[in-house]
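# Observations on the model geometry
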Amino acid sequence: MTFVNNSTWRRIVINALGLAFVIVMSSAGLSAAQDACADFARTVKTTYNFRPALLSDSERTQKSAAMDVVWEKVKANPSKLLPCLRKELEDSKANAWFRFDGSNLLVSLDSSSSSKNLLIQSYAATNLDDVDLSVFVSRLAQLGEEGFDVSAAGARGLAYPQ
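Now for a description of the structure that goes with this document. (Residues numbered from 1 in each chain as written. Predicted model: local features only at pLDDT ≥ 70, side-chain atom pairs only at ≥ 80, totals over all residues. Heavy atoms only, no water.)

## Considerations on helix α5 (residues 113-125)
This is how the line gets drawn: Put simply, DSSP marks the helices as runs of H or I at least four residues long and the strands as runs of E at least two long, and each gets a number from the N terminus on. Expected helix span is given by 1.5 Å per residue-to-residue step, counting one fewer step than there are residues. Relative accessibility under 20% of the residue-type maximum defines a buried residue, over 50% an exposed one, and the middle range a partly exposed one, all with a 1.4 Å probe and only protein chains included. Whether two residues touch is decided by their heavy atoms; if any such pair falls within 4.5 Å, the residues are in contact.
For α5, spanning 13 residues, the distance from its first C-alpha to its last is 19 Å, which sits close to the expected 18 Å at 1.5 Å a residue. Along α5, the residues classified as buried are S115, K116, L118, L119, I120, S122 and Y123. Against the buried residues of α5 lie α3 (78-89), α4 (96-109), α6 (133-145) and α7 (151-159).

Written as structure tokens, this is what we have:
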């Protein structure tokens with residue numbers, strides 16, 4: 001029969017308590033991140049519940065101010081909110097204007113290939129009546145120059161009647 005001396009026993013208990021603390025803190029952090037993303041998703045859904053082409057100038061001004069708040073929140077806390085933004089943008093059922101506008105926000109803060117590909121997908125799904133076509137064309141031209149496949153979004157732009 002082997003006995004564990006007091007000093008070994010203390011180390012085992014301290015290590016176990018440390019591990020338990022790390023697990024509890026990790027799950028608390030995960031819960032906080034999930035709460036932040038849930039709050040962000042609600043903000044996105046209440047802010048981006050429109051199509052710009054269908055608004056009056058005064059309504060567009062009001063919505064623009066609300067969208068600026070979303071942008072400022074993400075810019076102020078990118079480590080916490082960029083994953084939330086990306087998650088919302090990946091939802092193909094999300095408001096097309098949000099996906100267009102939000103993907104521009106994403107790429108302004110994270111210029112990775114995955115962010116740029118998400119922007120291209122968002123552009124391909126947007127209603128062109130809602131966007132500034134000069135932004136649409138220039139951004140796609142820039143990404144095409146960088147070697148990204150912008151053909152789906154470009155075809156959408158070429159088929160646009162205006």
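There's plenty left to go through after this.
## Points about the packing of aromatic side chains
Using the following cut-off: Whether two aromatic rings pair depends on their centres lying within 6.5 Å, for rings of Phe, Tyr and Trp, where Trp uses its six-membered ring; planes under 30 degrees apart make the pair stacked, over 60 edge-to-face, and the rest tilted.
Counted by the stated rule, this structure contains five aromatic pairs. Ring centres of Y48 and F50 lie 6.5 Å apart, and the angle between their planes is 10°; on these two criteria the pair is classed as stacked. The exposure class assigned to Y48 is buried, which follows from its relative accessible area of 3%. In textbook terms, an aromatic cluster arises when at least three aromatic residues are bridged by ring pairs, as seen for W97, F100, Y123 and F136.

## Considering the environment of S56
Heads up, the condition is: Whenever a nitrogen or oxygen atom comes within 3.5 Å of another N or O atom, the pair is scored as a polar contact, on the condition that within protein one atom can donate a hydrogen and the other can accept it, and that pairs from neighbouring residues in sequence are kept only if both atoms are in side chains.
For S56, the position within the fold is in the loop between α1 (6-47) and α2 (57-76). Within polar-contact distance, the side chain of S56 engages the side chain of S58 at 3.3 Å.

## Looking at the packing of α5 against α6
Just so we agree on the cut-off: Note on definitions: angles span 0 to 180 degrees between N-to-C directions of axes, and those axes are lines fitted to C-alpha atoms, for helices only across the stretch in contact. Roughly parallel refers to an angle under 35 degrees, roughly antiparallel to one over 145, roughly perpendicular to one between 65 and 115, and oblique to any angle outside these ranges. The sense of a crossing depends on the near helix, which, turned anticlockwise from the far helix by less than a right angle, makes the crossing left-handed and, turned clockwise, makes it right-handed. Think of it as three bins: nonpolar holds Ala, Val, Leu, Ile, Met, Phe, Trp, Tyr, Cys and Pro, charged holds Asp, Glu, Lys and Arg, and polar takes everything else, Gly as well.
One way to put it is that α5 packs onto α6 with a least axis distance of 11 Å and a crossing angle of 140°. Of the possible angle classes, the one that applies to α5 and α6 is oblique. Relative to α6, the crossing made by α5 is left-handed. Seen from α5, the contacting residues are K116, L119, I120 and Y123; seen from α6, they are V135, F136, R139, L140 and L143. By residue class, the composition of the contact of α5 with α6 is seven nonpolar, no polar and two charged.

## Structural notes on the packing of α5 against α7
Two elements in contact, α5 and α7, have axes whose closest approach is 8 Å; the angle formed by their N-to-C orientations is 25°. Of the possible angle classes, the one that applies to α5 and α7 is roughly parallel. Handedness of the crossing formed by α5 with α7: left-handed. Across the interface between the two elements, I120, Y123, A124 and A125 of α5 pack against A152, A153 and R156 of α7. Of the residues in the contact of α5 with α7, the class split is six nonpolar, no polar and one charged.

## Notes on the state of the cysteines
Note on terminology: disulfide describes a covalent bond linking the sulfur atoms of two cysteines. Heads up, the condition is: By definition, disulfides here are pairs of cysteine sulfur atoms that lie within 2.5 Å.
The full count for this structure, using the stated rule, is one disulfide. Here C37 is linked by a disulfide to C84, with a sulfur-sulfur distance of 2.0 Å. Here C37 and C84 share a disulfide; its torsion about the S-S bond, -80°, makes the bridge left-handed. With a gap of 47 residues between them, C37 in helix α1 and C84 in helix α3 connect regions that are remote in the sequence. Judged by its relative accessible area of 1%, C84 falls in the buried class.

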